[in-house]
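Working through the structure, step by step
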Amino acid sequence: MAFKEKLESRTFVVVAELQPPKGTDLSELLDHADRLKGRVTAVNVPDLQNAILRMGSLSVCALLKTRGIEPIFNLACSNRNRLALQSDLLSASPLGIENVFLLQGDAPSLGDHFEARPVFDLDLMGLLRAVKKLHEGTDLMGNELHGKPTFCVGAQVNPDARGEDLDLEVRGWRRR
């Protein structure tokens, strides 16, 4: 049963996280992945977590998929403009990557490339809107797609939001 089906059926799920390597040596990551296989429902793969340069989430997810592990592709607004975000989503689909986790992302000033400039062309709500449009068969500008992706989509909620702010954030997230 796929991750989305388990969530929909309210089956208990276990998600592990594997951090992409800082470099191209995948031996440790793949060793951990092999030990997780059959023990977890899915594996979450962060996208430049803490603004530290690492291998991309998309390529690691594709490798996990070939090993029979269900990945969760992370995509952050901080590192790409709207064209690149939509392109990465379209690229994930033919690779069989069905689960995406969208997040605002970390400011580059926090990481190991503090001189890098943040992008934030779309905020999280804009990225959710982009996924909805892709599901409907168009891009953000309304241009028709030739084939459309279908994803199980999750998104980050601000853990610092309190009371009404958190309610507003969750309602806004559900609208997308």
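For the structure, see preceding data.
Anyway, here's the lowdown on the structure attached to this text. (Residues numbered from 1 in each chain as written. Predicted model: local features only at pLDDT ≥ 70, side-chain atom pairs only at ≥ 80, totals over all residues. Heavy atoms only, no water.)

1. As for the overall build of the protein chain
- Of the regular secondary structure elements, the protein chain holds six helices and five strands.
- Reading the secondary structure of the protein chain in the N-to-C direction produces α-β-α-β-α-β-α-β-α-β-α.
- Counting the 176 residues in the protein chain, one finds 39% classified as buried.
- Taking contacts inside the protein chain between residues at least 6 apart in sequence as the whole, the part at least 24 apart equals 70%.
- Element-wise, carbon and sulfur atoms account for 51% of the exposed surface of the protein chain, whose accessible area totals about 10,200 Å². (Helix = DSSP H or I, 4+ residues; strand = E, 2+ residues; numbered from the N terminus. Buried < 20%, exposed > 50% of the residue type's maximum accessible area, 1.4 Å probe, protein only. Contact = heavy atoms within 4.5 Å. Areas by Shrake-Rupley, 256 points an atom, 1.4 Å probe, with all protein chains shown as cover.)

2. As for the nonpolar core
- By size, the foremost hydrophobic cluster in this structure holds 37 residues, and its most contacted members are L64, F73, L89, L102 and L127.
- Considering each element in turn, this core owes the most residues, seven residues, to helix α5 (residues 124-136).
- Apart from the residues within four sequence positions on either side, L64 is in contact with L18, L29, A33, V43, V45, I69 and P71. (Core = buried A, V, L, I, M, F, W, Y, C linked by side-chain atoms within 4.5 Å.)

3. A closer look at the sheet that holds strand β3 (residues 71-76)
- Taking strand neighbours across the sheet as the criterion, the five strands line up as β1-β2-β3-β4-β5 in an open arrangement whose pairing is parallel. Every interior strand has two partners, whereas the edge strands, β1 (15-17) and β5 (152-155), have only one. Looking at each pair of strands side by side, their axes are set apart by 25° on average, direction ignored.
- Bridge analysis of β1 against strand β2 (residues 42-45) gives three bridges, and the strand direction is parallel. Bridge pairing links A16 to V43 in β2.
- Contacting β2 and β3, helix α3 (residues 57-66) runs over the sheet at an angle of about 175° to β3. (Pairing = 2+ DSSP bridges. Axes fitted to C-alpha atoms, helices over the stretch in contact; angles between N-to-C directions.)

4. Digging into α3
- Along α3, the residues classified as buried are S57, L58, V60, C61, A62 and L64.
- Buried residues in α3 make contact with α2 (27-36), β2, β3 and α4 (82-92).
- Trailing α3 by a residue or two, G68 shows a phi angle of about 80°, which is positive.

5. Quick notes on the environment of L48
- Position of L48 relative to the elements: it lies in the loop between β2 and α3.
- Look past the residues within four positions of L48 in its chain and what remains in contact with it is L53, R54, N79 and D106.

6. Observations concerning the pattern of salt bridges
- A full pass over the atoms with the stated rule returns seven salt bridges.
- D88 is the partner of R80 in a salt bridge, and the nearest nitrogen-oxygen pair spans 2.7 Å. Neither residue differs from the other here; R80 and D88 are each classed as buried.
- The residue D121 makes a salt bridge to R82 at a minimum N-O spacing of 2.9 Å. Of this pair, D121 sits in the loop between β4 (99-103) and α5 while R82 sits in helix α4; the two residues are 39 residues apart in sequence, bridging distant segments of the chain.
- By relative accessible area, which is 31% here, R82 ends up partly exposed.
- Look at the salt bridges and you will find they share partners, linking D47, R80 and D88 into a network. (Salt bridge = Lys/Arg side-chain N within 4 Å of Asp/Glu carboxyl O.)

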